[in-house]
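Next come the chains, spelled out residue by residue.
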Amino acid sequence: QLQLVESGGGLVQAGGSLRLSCAASGSTFTINSMGWYRQAPGKQRELVAVMDSSRHTTYADSVNGRFTISRDDAKNLVYLQMNSLKPEDTAVYYCNAVTSDFYGARPYWGQGTQVTVSS
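Just so you know, these numbers come straight off a predicted model, no measurement behind them. (Residues numbered from 1 in each chain as written. Predicted model: local features only at pLDDT ≥ 70, side-chain atom pairs only at ≥ 80, totals over all residues. Heavy atoms only, no water.)

Remarks on the state of the cysteines
So, step 1. Applying the stated criterion across every chain, the model contains one disulfide.
So, step 2. Across the disulfide from C22 sits C95; the S-S distance is 2.1 Å. Around the S-S axis, the bridge from C22 to C95 shows a dihedral of about -85° and counts as left-handed. In this pair, C22 is assigned in strand β3 (residues 18–26) and C95 in strand β9 (residues 91–101), connecting sequence segments 73 residues apart.
So, step 3. In this structure C22 comes out as buried when scored by relative accessible area, which is 0%. (Disulfide = S-S within 2.5 Å. Helix = DSSP H or I, 4+ residues; strand = E, 2+ residues; numbered from the N terminus. Buried < 20%, exposed > 50% of the residue type's maximum accessible area, 1.4 Å probe, protein only.)

A word on the pattern of salt bridges
So, step 1. The tally for this structure, following the rule as stated, stands at five salt bridges.
So, step 2. Of the charged contacts in the structure, one is a salt bridge between E46 and R38, with a shortest N-O distance of 2.7 Å.
So, step 3. E46 gets classed as partly exposed once you look at its relative accessible area, which sits at 37%.
So, step 4. Here R38 falls in the buried class, since its relative accessible area comes to 6%.
So, step 5. Residue D89 pairs with R66 through a salt bridge whose shortest N-O separation is 2.8 Å. You can see D89 sitting in the loop between β8 (77–82) and β9 and its partner R66 sitting in the loop between β6 (57–59) and β7 (67–72), a full 23 residues away along the chain. A single burial state applies to D89 and to R66, both of which are buried.
So, step 6. Because the salt bridges share partners, they merge into one network encompassing R38, E46, R66 and D89. (Salt bridge = Lys/Arg side-chain N within 4 Å of Asp/Glu carboxyl O.)

Put into C-alpha cells, the structure is as follows:
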C-alpha cells in the first residue's frame, strides 16, 4: 500500500509561480513512476508531467517549458514547479504514483490540491 499527500496549491495571479509537493509513504520501495495529473471543472483528468525511475520525463504540450517535475527518492517526494501560470492551468492537481511488484503495476492517487490562477 502507498499513501500520497499533496501540498502547495493556492491562488496566484497569471504569470506567477507555485510549487507543488507530494510526499509518499508506505511501500515506497515499489514505486516506479511518479507524476502529476490535473482535472478542471467539467473536464477529464489529464496528464501534466511524469517521471519514471530512470528520470525520463514526459510533459503535456500545454505545460512544456513552463512546468518542471523533479523527484527526491531519498525523501520519497515529487515536486512540480509551475512557472508562467495561466488561467487555463486552474484545476485540482493530483499526485500519482505507479508501483510495480510481483503482482503487477498499480496506480495510486493523492487527494488533490486546488490551483487557481486569476487573470
